[in-house]
Structure formats: structure tokens, C-alpha cells
Amino acid sequence: MHRRRRTALVLSAAIVAAAPLLTACGSDAHPGAAAVVGGQRITVAQLQNRVNEVREAQRSAVSEEAQYQQVVAQTGTLTRDTLHRMVLDRVLDRAAGNAGIGVTRREVQQLRTELEQQAGGAKALENTWLHQYGVPPRHLDENLRLQLEAQKLADRLQTDTGQPAFWKALSDASAELDVDLNPRYGAWDAQKTSRVDAKASWLRDVPAAE
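An account of the accompanying structure is given in this report.

Conventions adopted
- Residues numbered from 1 in each chain as written.
- Predicted model: local features only at pLDDT ≥ 70, side-chain atom pairs only at ≥ 80, totals over all residues.
- Heavy atoms only, no water.
- Helix = DSSP H or I, 4+ residues; strand = E, 2+ residues; numbered from the N terminus.
- Buried < 20%, exposed > 50% of the residue type's maximum accessible area, 1.4 Å probe, protein only.
- Areas by Shrake-Rupley, 256 points an atom, 1.4 Å probe, with all protein chains shown as cover.
- Salt bridge = Lys/Arg side-chain N within 4 Å of Asp/Glu carboxyl O.
- Pairing = 2+ DSSP bridges.
- Contact = heavy atoms within 4.5 Å.
- Axes fitted to C-alpha atoms, helices over the stretch in contact; angles between N-to-C directions.
- Polar contact = N/O pair within 3.5 Å; in protein donor to acceptor, adjacent residues only side chain to side chain.

So, on to the overall build of the protein chain. Helix and strand content of the protein chain: eight helices and seven strands. For the protein chain, the residues scored as buried account for 46% of the 210 residues in total. In the structure as shown, the protein chain presents an accessible area of about 10700 Å², 47% of it carried by carbon and sulfur atoms.

With the rule as written, the count across this model stands at eleven salt bridges. Glu 65 is the partner of Arg 59 in a salt bridge, and the nearest nitrogen-oxygen pair spans 2.9 Å. The closest approach of N and O atoms between Lys 152 and Glu 107, which form a salt bridge, is 2.9 Å. In this pair, Lys 152 sits in helix α7 (residues 140-156) while Glu 107 sits in helix α5 (residues 105-119), placing the two residues 45 residues apart along the sequence. A residue is classified by how much of its surface remains accessible, and Lys 152, at 22% relative accessible area, is partly exposed. Given a relative accessible area of 14%, Glu 107 falls into the buried group. Bridged by salt links that share partners, the residues Arg 112, Glu 116, Glu 126 and Asp 141 form one connected network.

Attention now goes to the sheet that holds strand β4 (residues 40-43). Spatially, three strands are ordered β4-β3-β5 in an open sheet, and the strand pairing comes out antiparallel. The sheet is open, and its two edges are formed by β4 and β5 (180-181), each paired on a single side. Sheet contacts for helix α4 (residues 78-98): β3 (33-37), β4 and β5; angle to β4, the most-contacted strand, approximately 160 degrees.

If you trace the backbone, Glu 126 turns up in helix α6 (residues 122-133). In terms of polar contacts, Glu 126 uses its side chain to reach the side chain of Arg 112, at 3.3 Å. Those residues in contact with Glu 126, other than ones at most four positions away along the chain, are Arg 112, Pro 137 and Leu 140.

For Gln 158, which is not glycine, the phi torsion reads 55 degrees and is therefore positive. For Gln 158, the position within the fold is in the loop between α7 and α8 (164-177). The exposure class assigned to Gln 158 is exposed, which follows from its relative accessible area of 76%. Positive phi, normally seen in glycine, also occurs at Asp 178, with a value near 50 degrees.

Rendered as C-alpha cells:
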């Protein structure tokens, strides 16, 4: 019989205590790139497309123009926040891979079903992830896969996502990937508040996979 538990998958203030830190300095060596992670570019166009997806989803979720403008005002750092998430997604994916962790489609679907029941339906869950975590509906399953990767990685390390052991795994992965952020979007430094105001709030409490 499998036992379930809930782990706090919230990468917030704990990031400051992580050592070694997730760091990288920006450069102009990759024109047109918002960031370079593991030699692979996240282009400015790709970043803007993701931001547009969020804005379009936000626009569809509210009926009045005034409401939409209020949402836009509340998410004024959406571009930098989105890039932060896109980079951290790849770092987490590498850390999970280094630990030999994989996630199946069945596990993702099981988690989604559970969260939909908690939220009150599929649409309610999509709206929650959109408004609270900036994840558009079409990327929800991808994000849930990352949630499960983080959960499994923490379990493998016998820790949780707020502890140094978890963050060291991400730091090691970040070093391997040689994260390079375009200076226009800030610096990849967990100890400073310059661009770490883009909190990784897309990770939240979820049930562990069976």
C-alpha cells in the first residue's frame, strides 16, 4: 500500500539559503537570446511568445477590459518572471535527470485529476495556475511534470524543496548548464534581489506520486 504525503514545493525565500548559489553572469555573446542554458538558446522571440500566451489566456479569463487591465498591472514583471521560470524549468529537469528521475504521462494525468477535483474542475485548475503561477493552460501538463520531478528529487534526497540539499542539486545542474542570462533581463543570482524578484511560485504543494 502506497503512502501519500504533501511536500512544500515552493521555491521562495529558501532560495537565499541555498549553497552553492544558482548564479550566472549575463553577456552579449549570444545576440537574440534571452538566455542560454546548456548551450541551447531561449530566444527573445520564444520568450515573447510565452508571454503572449499568458496575456491571451488572461484576456480570455476575464470579461471586462477594466479587469484585464488590472490583471496586466498586477503582472507588470511578467516577461522577467516568465524567463526566470523557463530557465529554472530546464535546471530542474537536468537535476532530475542527474538523479535518474523520470515522470510518466500516467503520473501527470493522475496528478492533474487530483488537482482538478480539489480546484472544482478542469477550468478552475487552469485559471488557478494561470493567475497564481503565470502558467498558461497549454503548458499546464508540462508544469505538472516538473512538479512531480521536484517532488521525486526531494524524496530521493530525503529532504524537501526548502532545504540546502535540494538546492545544491539544482546548483550543480545550473553549473553544468552554464546558465547565461541576457543582462536586459537581470542576473541569475539567487542571493541578490535584483532579478530574483521573479519568484518561482509555479511550484506549490502537490501530492507525491505513487
